[in-house]
Amino acid sequence: MPQESKARETGPLKEFFEQYAHTFTYVSTRSATSEFHRLCKAMSWDREDPDQNEAYEGFRDALVKEFNKSYGTDANDLTSWQTLCAAVRIDPIPDTLAEARKAMLDIHVNLVDLTDGVDPSEIQLFDTEKELMFPHRLVTSTILFEEPSIPRHNRILSLPRSSKVSILEFTNLGSDAMSGSSALSEFFAQYPTFIYNEYGSATDEFQRLCRHQRWERGDPVQKAAYRAFGDALATQFNEAYGNDARDLGSWQAICRTLGIPAPDNLVDAKKAVFNTHVNIVDLTEGYGGARIIQKFPTEAALSNYTLHVCKPPRIFPRSEAAGTLLEALLRKIFDPPVESSARNEFNRIVTPGTGKGKRNRRR
């Protein structure tokens, strides 16, 4: 693999950053994503600035070109795979295409680390995909999609999408969440000029889409898109957990995702879930450990998080695609019950001291 001093000082990334030399001094020894973050600050670009979006597209292409320069573009080229294997310290280097591809796809490594041209001894390898995802959890870019509750990191998990197809398409294989095969990714794929961040909150991404498309609130097109978005989110929930509130396995799957004991009977499993206070959008996107799901001590604290901490409010849209399981989880988020209350297996509020359940109206 080329040494950093050669790969970074004469390649596509340097050419990209040199466009802004009048304002920004590029430091080739730093991570490319860190440098793009600094560039955004130097240019005083905000999140939705058209100039930033245009620059990001150029940066994305430069990053992929840099990868292509180092490793090649042909997924059927044995030399390309062997070069990748050498970069991640696979020893001995496989001498057949099938073995080289398998060896590389079994490795969990940050692709920007590979692309940046750092010394192979400095490239960190991870034991599992989950360890690679956390804390480097944002797939598209930590630069553009930071959230206040997520510590900022200067690397991304995988290279951003680009029209410059390369061997990257094969090295970037992984879980469904990473490969984008989900109802939500299919929804956002309808808008090819919008760069969807699969690891940002879905509601945040829909808000960004509205700004990107210049939709006004109440616009018929925006309303139709919001209904389709709600259906996609509900479908993703159904695919993760099921859609039948009578299925014990579905409730146990939610318990496992929440990291709480999974009772072996339906009544106790439902009580366990109903009395664990989490945002349903977070729950949907956190299936299988894909992201950390924050738990709250009370429904009032959950309501405050959903409506006020999250910008925009992280409310699960109504959808005809919702099954009885998802419907059972919906809460009166705008008017939470008193802190001393609890919920029974019917998701009704139990009044302290009486044991009687009060029917809870859904939002």
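The shown structure was predicted, so the numbers you read here are calculated from the model rather than taken from an experiment.

(A) Expanded view of unusual backbone geometry. Across the junction of Asp91 and Pro92, the peptide omega takes the value 5°, indicating a cis bond. You can see Pro92 is positioned in the loop between α5 (78-87) and α6 (97-105). Here Lys311 and Pro312 are connected by a cis peptide whose omega angle stands at 0°. Note that Pro312 resides in the loop between α17 (299-309) and α18 (324-329). Not every positive phi belongs to a glycine, and Arg89 is a case in point at roughly 65°.

(B) Expanded view of the nonpolar core. Ranked by size, the top nonpolar core spans 41 residues in total, and within it Phe188, Trp251, Ile254, Leu283 and Leu329 carry the most contacts. Elements with a contribution of two residues or more to this core: α11 (183-188), α12 (202-213), α13 (220-241), α14 (248-258), α15 (266-274), α16 (280-285) and α18. By residue number, the principal contributor to this core is α13, which donates eight residues. The residues contacting Leu329, other than those within four sequence positions of it, are Phe237, Trp251, Ile254, Val273, Phe274, Ile280, Leu283 and Asn347.

(C) Representation of the side chain of Thr276. When you line up the elements, Thr276 lands in the loop between α15 and α16. Ignoring anything within four residues of it in the chain, the contact list for Thr276 reads Leu258, Ile260, Lys295 and Arg331.

(D) How the structure looks around the packing of aromatic side chains. Throughout the structure, instances matching the rule amount to 26 aromatic pairs. Between Tyr56 and Phe59, the ring centres sit 6.4 Å apart and the planes meet at 40°, which makes this aromatic pair tilted. With Tyr56 and Phe59 both in helix α4 (residues 50-71), this residue pair falls three residues apart, about one helical turn. You'll find Tyr56 and Phe59 in the same group, each marked buried. Among the aromatic residues, those joined into a ring-pair cluster are Phe16, Phe17, Tyr20, Phe24, Tyr26, Phe36, Trp45, Tyr56 and Phe59.

(E) Layout of the packing of α12 against α13. Orientation of α12 relative to α13, taken along the N-to-C sense of each, is 160°, at an axis distance of 12 Å. The angle between the axes of α12 and α13 places the two elements in the roughly antiparallel class. Seen from above, α12 lies across α13 with right-handed handedness. Contact with α12, carried on its side by Ala202, Thr203, Phe206 and Cys210, involves Gln222, Ala225, Tyr226, Phe229 and Leu233 of α13 and no other residues of that element. Its residues assigned to classes, the contact of α12 with α13 comprises seven nonpolar, two polar and no charged.

(F) Region of the structure containing the confidence of the model for the protein chain. This prediction gives the protein chain a mean pLDDT of 77; 76% of its residues lie at or above 70. Ranking the helices and strands of the protein chain by mean pLDDT puts α15 first, with 95, and helix α10 (residues 176-179) last, with 36. Long-range and interchain partners of residues 1-7, a stretch whose pLDDT sits below 50, account for 18 contacts in this model, where long-range means more than four residues apart.

(G) Region of interest: the environment of Gln294. You can see Gln294 is positioned in the loop between α16 and α17. As a C-alpha pair, Gln294 and Asn279 span 15 residues in sequence and 7.9 Å in three-dimensional space. Other than its neighbours up to four places away in sequence, Gln294 contacts His277, Val278 and Tyr305.

Rules used in this analysis
Residue positions are counted from 1 within each chain, in the order its sequence is given. Residues qualify for local features only when their pLDDT is at least 70, as the model is predicted, and side-chain atom pairs are given and counted only at 80 or more; totals for whole chains, interfaces and linings, by contrast, use all residues. By convention in this description, side-chain values take in all heavy atoms of the structure and omit both hydrogens and water. For the purposes of this entry, the term helix denotes a DSSP run of H or I that reaches at least four residues, the term strand denotes a run of E that reaches at least two, and both are numbered from the N terminus. We define a nonpolar core as any set of buried Ala, Val, Leu, Ile, Met, Phe, Trp, Tyr and Cys residues linked to one another through side-chain atoms lying within 4.5 Å. Relative accessibility thresholds used throughout: buried, under 20% of the residue-type maximum; exposed, over 50%; partly exposed, between the two (1.4 Å probe, protein chains only). Two residues qualify as a contact provided that any one of their heavy atoms is within 4.5 Å of a heavy atom in the partner residue. The criterion for an aromatic pair is that two Phe, Tyr or Trp rings (for Trp, the six-membered ring) have centres within 6.5 Å, with stacked assigned to planes under 30 degrees apart, edge-to-face to planes over 60 apart and tilted to the rest. Note on geometry: axes are lines fitted to C-alpha atoms, helical ones only across the stretch in contact, with angles between N-to-C directions running from 0 to 180 degrees. Note on terminology: angles under 35 degrees are roughly parallel, angles over 145 are roughly antiparallel, angles of 65 to 115 are roughly perpendicular, and the others are oblique. By convention the crossing between two helices is left-handed if the near helix lies anticlockwise of the far one by an angle smaller than a right angle, and right-handed if it lies clockwise. The residue classification treats Ala, Val, Leu, Ile, Met, Phe, Trp, Tyr, Cys and Pro as nonpolar and Asp, Glu, Lys and Arg as charged. All others, Gly included, are polar. Scored from 0 to 100, pLDDT records how confident the predictor is in each individual residue.

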